Amino acid sequence: MTLTLSHLTKRYGDTVALDDLSFEVRPGELFGFVGSNGAGKTTTMRITLGVLAADSGEVLLDGNPVDLDVRRTIGYMPEERGLYPKMKVGQQLSYLAQLHGLSRSDADAAVRRWTERLGIAERVGDTVDSLSLGNQQRVQLAAALVHDPKVLVLDEPFSGLDPVAVDVMSDVLVEKANSGVPVVFSSHQLDLVQRLCHRVGIIAKGRMRAVGTVDELRSGGDARLVVHAPQAPEGWADGLPGVGTVEHTDGRTVLSVAAGVDDQQVLKTALETGPVHEFSLHRPSLTDLFREVVSA
């Protein structure tokens, strides 16, 4: 199945939350949806689930509008806790699975499977509010998975998790994608997004500013050239076309280098100031790209 968000617009009074936002998540794809706080990520996900109505635009699953029956096939994990705090974990997960159409026996079997998979099987008799924040997050993910969804929409699923839990969560998302499920999740942990996702969308002020694989996005950004020339004065590279100084500290200069720039000319200019102890080229990370996009 393909999840398509087409030309979504949403306003709150004079505030534009979403401005003609479009992207798609393909079958078996992990799609990372990243942006600053207030950029529009949660609004987008709530519109996808029908919790909010868009002012214009549409959400489609395999070309069909997302109505109530279709929404039952989506697994949703909100950023804020969407659980009953005084209800026991096992009872709650079974209840939610039955709301999505599973029989009691199938729901109970799914609860056993996912609580064991997520490492919370021994807590099924506990109330949610008695759990640590990390275990509450695991229960929240179990709630999104317990009905065997055809699509996963997860808002900050890694928030509050310890490294072991992050690994478990990552493995589950990869497994679901490998089974053909389209998975979209938001996260401020850009190293995880870069490692896990097939494609990434960067949203800023309600508009999608960049979409593509990490390699595609990195190839479109300026590279970073690190030059350690102890005798080089600040601004030594300023006259070179396509080259800008990002940082200069104690003879170590970080330069932004546009595509097509001759790095040997940069090296020659650096050598004119004295010896060069380091000269290395780095493609921008997703974190670098994110900073560039949201500050533009």
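For the structure, check the block above.
Given the structure is predicted, the values throughout are model-derived calculations rather than measurements. (Residues numbered from 1 in each chain as written. Predicted model: local features only at pLDDT ≥ 70, side-chain atom pairs only at ≥ 80, totals over all residues. Heavy atoms only, no water.)

Draft legend 1. Looking closely at the overall build of the protein. What the protein contains, in helices and strands, is ten helices and 14 strands. Projected onto its principal axes, the C-alpha positions of the protein cover 75 × 45 × 35 Å. Burial statistics for the protein: of 296 residues in total, 48% are counted as buried. Within the protein, residue pairs in contact and separated by at least 24 positions form 68% of the contacts whose partners lie at least 6 positions apart. (Helix = DSSP H or I, 4+ residues; strand = E, 2+ residues; numbered from the N terminus. Buried < 20%, exposed > 50% of the residue type's maximum accessible area, 1.4 Å probe, protein only. Contact = heavy atoms within 4.5 Å.)

Draft legend 2. Summary view of the pairing of strand β1 (residues 3–12). Of the strand pairs in this sheet, β1 and strand β4 (residues 56–61) are connected by five bridges, and their pairing is antiparallel. Among the inter-strand pairings, Thr4 is bridged to a residue of β4, identified as Leu60. Sheet topology note: the β1/strand β2 (residues 15–25) ladder contains seven bridges and is antiparallel. When the sheet's bridge partners are listed, Leu3 is paired in β2 with Val25. Where β1 folds back onto β2 in an antiparallel hairpin, the turn is made up of two residues, including Gly13, whose phi is positive at roughly 65°. (Pairing = 2+ DSSP bridges.)

Draft legend 3. Molecular detail of the sheet that holds strand β9 (residues 199–204). With mixed pairing, six strands are arranged side by side in an open sheet as β6-β7-β8-β3-β9-β10. Strand pairing shows two members of the sheet lacking a second neighbour, β6 (74–77) and β10 (207–212), which therefore form its edges. Strand after strand, the sheet turns through a mean of 15° between neighbouring axes, direction not considered. As defined by bridge partners, β6 adjoins strand β7 (residues 151–155) across four bridges and the pair is classed as parallel. Opposite Tyr76, over in β7, you have Val153 as the bridge partner. Packing against the sheet, helix α1 (residues 41–49) makes contact with β3 (30–34), β6, β7, β8 (183–186) and β9, and its axis sits at approximately 150° to β7. Sheet contacts for helix α10 (residues 286–295): β3, β9 and β10; angle to β9, the most-contacted strand, approximately 30°. (Axes fitted to C-alpha atoms, helices over the stretch in contact; angles between N-to-C directions.)

Draft legend 4. Layout of the packing of aromatic side chains. Within this structure, the stated rule accounts for four aromatic pairs. Taking 5.2 Å as the distance between ring centres and 35° as the angle between the ring planes, the aromatic pair formed by Phe23 and Phe33 counts as tilted. Pair noted here: Phe23 is in strand β2 and Phe33 is in strand β3, with a separation of ten residues, a long-range link. With respect to burial, Phe23 and Phe33 carry one shared label: buried. Relative to Phe185, the ring of Phe158 has its centre 5.6 Å away and its plane inclined at 70°; by these criteria the two rings are edge-to-face. Of this pair, Phe158 sits in the loop between β7 and α6 (163–178) while Phe185 sits in strand β8, placing them 27 residues apart in sequence. Across the pair, exposure class does not vary: Phe158 and Phe185 are buried alike. (Phe/Tyr/Trp six-rings, centres within 6.5 Å; stacked < 30°, edge-to-face > 60°.)

Draft legend 5. The arrangement of the environment of Ser132 in detail. Looking at where Ser132 falls in the secondary structure, it is placed in the loop between α4 (104–117) and α5 (133–145). Of the residues examined, Ser132 reaches a relative accessible area of 41% and is grouped as partly exposed.

Draft legend 6. Local environment of the sheet that holds β1. Reading across the sheet, the four strands line up as β2-β1-β4-β5 and stay open at both edges, with antiparallel pairing between neighbours. One side of each edge strand has no neighbouring strand; the edge strands of this open sheet are β2 and β5 (64–65). Bridge count between β4 and β5: two bridges; the pairing is antiparallel. By the bridge assignment, Leu60 is partnered in β5 with Pro65. Each of β1, β2 and β4 touches α1; the most contacted strand, β1, lies at about 115° to it.

Draft legend 7. Layout of the side chain of His147. Along the chain, the position of His147 falls in the loop between α5 and β7. A polar side-chain atom of His147 sits 3.1 Å from the main-chain carbonyl oxygen of Ile74. Apart from the residues within four sequence positions on either side, His147 is in contact with Arg72, Thr73, Ile74, Gly75, His100 and Leu102. (Polar contact = N/O pair within 3.5 Å; in protein donor to acceptor, adjacent residues only side chain to side chain.)

Draft legend 8. Region of interest: unusual backbone geometry. Unlike most non-glycine residues, Asp20 shows phi in positive territory, near 55°. Of note, Asp20 is situated in strand β2. The phi dihedral of Asp148 falls on the positive side, at around 55°, and the residue is not glycine. Structurally, the position occupied by Asp148 is in the loop between α5 and β7.

Draft legend 9. Molecular detail of the pattern of salt bridges. For the coordinates displayed, the defined rule picks out twelve salt bridges. A salt bridge links Asp129 to Lys86; its shortest N-O distance comes to 2.6 Å. Of this pair, Asp129 sits in the loop between α4 and α5 while Lys86 sits in the loop between β6 and α3 (89–99), and the two are 43 residues apart along the sequence. The salt bridge partner of Arg104 is Asp108, with a shortest N-O separation of 3.1 Å. On the criterion of helical spacing, the pair formed by Arg104 and Asp108 is a turn pair, its members being four residues apart in helix α4. On the basis of relative accessible area, Arg104 is assigned to the exposed category, the value being 55%. Look at Asp108 and you get partly exposed, because its relative accessible area is 24%. (Salt bridge = Lys/Arg side-chain N within 4 Å of Asp/Glu carboxyl O.)

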